[in-house]
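Letter by letter, the chains look like this.
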Amino acid sequence: MSLQFVVDGLLTGSMIGLGAIGVTLTYSILRFSNFAHGDFMAWGTYATLAVVSAIGATFGKVAPIAPLSFGWPLLVALVVGMAFTALLALLLDKVLFSRLRAQGQAIIVVMASFGASMALRSLLEFSFTSRPTYFSRAIQIAMPVGFGIRITPDQIALLLLTALLVLGVHLLMTRTQIGRSMQALSQNAALARIVGIDVAGVVRVTWILGAALACVAGVMIGILVQIRPFMGFDMLLPMFAAAILGGIGSIPGAVLGGLIIGIAEAGAVQLIGAEWRAAVSFIILMAVLFVRPIGLFGVRER
Amino acid sequence: MSETVLDVRDLEAGYEPGVPIVRGASITVRKSEIVVVLGPNGAGKSSFIKAIAGLVPITRGTVLLDGKDITAAPAHTMVRLGLAFVPQTENIFPLMSVEDNLRVACGILERREAPARIEEMYAMFPDLARQRRAAAGNLSGGQRQMLAVARALIVHPKLLVLDEPSAGLSPKFVSMVFEMLAGIRKAGVTILLVEQNAKAALATGDRAYVLVEGKDSHEGVASELWNDPVVAELYLGQRPLSAEKTGHAEKGGAA
Ligand SMILES: Nc1ncnc2c1ncn2[C@@H]1O[C@H](COP(=O)(O)OP(=O)(O)O)[C@@H](O)[C@H]1O
Ligand SMILES: [Mg+2]
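The text that follows walks through the structure, step by step, so that each part is easy to find. Throughout, residues of each chain are indexed from 1 in the direction in which the sequence is written. For naming, the first written chain is A and the first written ligand is 1, with later ones following in the order written. Per-residue local features are limited, in this predicted model, to residues with pLDDT of at least 70; the limit for side-chain atom pairs, both in listing and counting, is 80 or more; totals at the level of whole chains, interfaces and linings are taken over all residues. Side-chain descriptors were evaluated using all non-hydrogen atoms of the structure, hydrogens and water having been removed beforehand.

### Details of the site of ligand 1
Residue and element names in this part refer to chain B.
1) Next: Throughout this document, a residue counts as near a molecule or strand when at least one of its heavy atoms sits within 4 Å of that molecule or strand. Taken together, the neighbourhood of ligand 1 is formed by Tyr15, Ile21, Pro40, Asn41, Gly42, Ala43, Gly44, Lys45, Ser46 and Ser47.
2) Next: Two N or O atoms count as a polar contact when they lie within 3.5 Å, although within protein this holds only if one can serve as hydrogen donor and the other as acceptor, and sequence-adjacent residues are included solely when both atoms are side-chain atoms. Between ligand 1 and tyrosine 15, the relevant distance is 3.3 Å, taken from a nitrogen atom to a side-chain nitrogen or oxygen of the residue.
3) Next: Between an oxygen atom of ligand 1 and a main-chain N or O atom of glycine 42, the distance comes to 2.8 Å.
4) Next: Computed with a 1.4 Å probe, the accessible areas rest on the Shrake-Rupley method; for each residue, only the protein chains presented here act as cover. For ligand 1, whose accessible area on its own is 560 Å², the fraction buried by protein is 58%.

This is the structure:
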């Protein structure tokens, strides 16, 4: 068999992993499963697309950065899209989640996130139709790199971007005061307040971080696959499976979980057929829950 | 009489509306004192100091710290106001390293001051220095308590408030904790603590209050309180102090 599935898997895994970081942060710090996280991805992607179009309308056609399929407009739009997605998450928290959280029942917040997910997705379909769209229709030539593996310049760039972002988030979590505050809050909320941590501030940073990374993951899907209102929703199961496989609360775990699921999916597609792709996350999720519910890097609740 | 650090007047507080647990308690703590709050189990001692620290809703009364009204200030602002609280249990972040436990508490310090302050804590608690990279959850009971106290002291509090710092520790560690508190007071920090271990607490403390059913029912000089028959009946009588009463204080009390 060809080793192509490794590259395909790493790419899918990057998207899953970046998304799973947000899932795992929301779960460990805000203590609920945010089913609207996938829709943050989709909204971020459409926002980025809108900014790309606006730049195109203002500056005319901009040549891509050779050998990539996209130029500076997409990079600028991505940053705007990340900010937009962060604002969306903060807004949703303010009008919906924070009020329900104050009542103290996690399941209500989870259901609310399900409702928000449907509403957000429907709004996208309403505004942009459910027809797929693309950042660029240019066809990239995949370069052979040995072992029967072929990879496009876009794919290399996005793998590097993922590695950079993951490293950045890891350093943020372990080397900065805000990162330590996030860890503290996830371990003991009452003690976090006692040591002087402003919970509301940390919660805001959690949303900003998770949403911005969701936007990047969505744009990656947009560049490598296509843009659809359901693109984020379809990522929900793999993202949750990755977060749980990695161990809830663990950022390295979420990323590793994403890569494992991505590679397993790509392997299954190559070995037994594309119709099995969706089953892979489900099987891995079930296996983890039965065999090691705390995941790879998880820690048992005290 | 030296200046008042903490003045709590007629405090009423509770977890649910209409169900006060603390029912009109008043205490005063003066500069450089160690003040002990005693009382039977369930008297509301923990609730009382948690209310002072902003963790339990206050429905009546006032809390003044250095003359400043801090009644019901949000819990996370208390360290900035000068009050550091050490809860009885779960008072460290178990998955973080010892050093990160200290670092995360340095939020109100100048960025440049924090590393030096952490080293000062290590000098004070050499056990912690040896384990700075270890996960705090792997520390022994006594070391956890030290870490919790170091974490509280690191921000230069005016008042250190502790909930049963000796609970669950072996006798060796109990005496270590009280020696530590005496040392902290010598360094100029005022201390308010809740204790079940009345003998050791009264030996170390200057004054004590007895809290019964959410009210301060009795106040006195610590060394005298131990022999007070009213207190004995109110508090000590309700609890067979088998292990604690075998020491000298009991013999002294009987003499
Ligand atoms: N988190 C809580 N929610 C509701 N009631 C509580 C809570 N904590 C303590 N209580 C109640 O408050 C009363 C006093 O408890 P506590 O303050 O812990 O007393 P003490 O520390 O003197 O043993 C008890 O009746 C207890 O049931
Ligand atoms: Mg108590």
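That covers the picture; the talk isn't over yet.
### So, the sheet that holds strand 10 (residues 215-221) of chain B
Within a beta sheet, neighbouring strands are joined by backbone hydrogen bonds and run either parallel or antiparallel to one another.
Residues and elements named next belong to chain B.
1) Next: Spatially, 6 strands are ordered 6-7-8-3-9-10 in an open sheet, and the strand pairing comes out mixed. Strands with a single pairing partner mark the edges of an open sheet, and in this sheet they are strand 6 (83-86) and strand 10. Strand after strand, the sheet turns through a mean of 20 degrees between neighbouring axes, direction not considered.
2) Next: Two strands pair when backbone bridges link them, and strand 3 (residues 34-38) and strand 9 (residues 207-212) are joined in this way by 4 bridges, in the parallel orientation. Looking across to strand 9, one finds that valine 37 is bridged to tyrosine 209. DSSP-based pairing: two strands are paired if at least 2 bridges between them are found. In this description a helix means any DSSP run of H or I spanning at least four residues, a strand means any run of E spanning at least two, and both kinds are numbered starting from the N terminus. Lines fitted to C-alpha atoms define the axes here, with helix axes fitted over just the stretch in contact, and angles between the N-to-C directions of these axes take values from 0 to 180 degrees.

### A few points about the packing of aromatic side chains
Residue and element names in this part refer to chain A.
1) Next: Note on aromatic contacts: the rings of Phe and Tyr and the six-membered ring of Trp form a pair at centre separations within 6.5 Å, being stacked when their planes are under 30 degrees apart, edge-to-face when over 60 apart, and tilted otherwise. Within this structure, the stated rule accounts for 10 aromatic pairs over all chains.
2) Next: Judged by centre distance (5.3 Å) and plane angle (35 degrees), the ring pair of phenylalanine 35 and phenylalanine 240 falls under tilted. Of the two residues, phenylalanine 35 is situated in the loop between helix 1 (4-30) and helix 2 (37-59) and phenylalanine 240 in helix 9 (residues 236-246); the sequence distance between them amounts to 205 residues.
3) Next: Members of the aromatic cluster, joined through ring pairs, are Phe32, Phe40, Phe97 and Trp207.
4) Next: The ring of phenylalanine 230 carries the charged tip of arginine 121 above its face, separated from the ring centre by 5.1 Å. Both a distance and an angle decide whether a charge sits over a ring: NZ of Lys or CZ of Arg must be within 6 Å of the ring centre and within 35 degrees of the ring normal.

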